[in-house]
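# Observations on chain architecture
The chain contents come next:
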Amino acid sequence: MDEVAFIKEMREDYQLPPYLDDSVIKRAGEECSARLSFIVPGTDFDTDKQGRMLLKNATYYLINHRYEDFEQNYADVIHSWQLGARYESK
């Protein structure tokens, strides 16, 4: 995943404060990417638009110390993404 583009996108889409260091966004993105890649192995977050949306939202929740709310609030979307990925791989 292009980390520079991801950080720029996060700052633009979520109006993250300028005092939030890029390394914090990068680290949160990596942690969320690892979790989402566990749910749908082999996801390319640069080409999978639904996966990218989930990654950005998960990262935002993690930065705000509310990751547990992310999985609960996005459970239906995560489930449909997971099922869609399994369907596409067949």
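Going by the structure above, here's the rest.
Because the structure is predicted, anything quoted here is derived from the model rather than measured.

### Notes on the nonpolar core
If you look at the biggest cluster of nonpolar residues, it comprises 23 residues, and the most contacted ones within it are Leu16, Ile25, Leu36, Leu54, Phe70 and Trp81. Sorting the residues of this core by element identifies α1 (3-14), α2 (22-39), α3 (49-63), α4 (67-73) and α5 (75-88) as the ones contributing at least two each. Dropping the residues within four chain positions of it, Ile25 is found in contact with Phe6, Ile7, Met10, Arg11, Leu16, Leu20, Thr59 and Ile63.

### Concerning the environment of Glu12
Positionally, Glu12 belongs in helix α1. Residue classification places Glu12 among the partly exposed residues on the basis of a relative accessible area of 47%. C-alpha of Glu12 to C-alpha of Asn64: the two residues are 52 residues apart in sequence and 16 Å apart in space.

Rules behind the numbers
Residues numbered from 1 in each chain as written. Predicted model: local features only at pLDDT ≥ 70, side-chain atom pairs only at ≥ 80, totals over all residues. Heavy atoms only, no water. Core = buried A, V, L, I, M, F, W, Y, C linked by side-chain atoms within 4.5 Å. Buried < 20%, exposed > 50% of the residue type's maximum accessible area, 1.4 Å probe, protein only. Helix = DSSP H or I, 4+ residues; strand = E, 2+ residues; numbered from the N terminus. Contact = heavy atoms within 4.5 Å.

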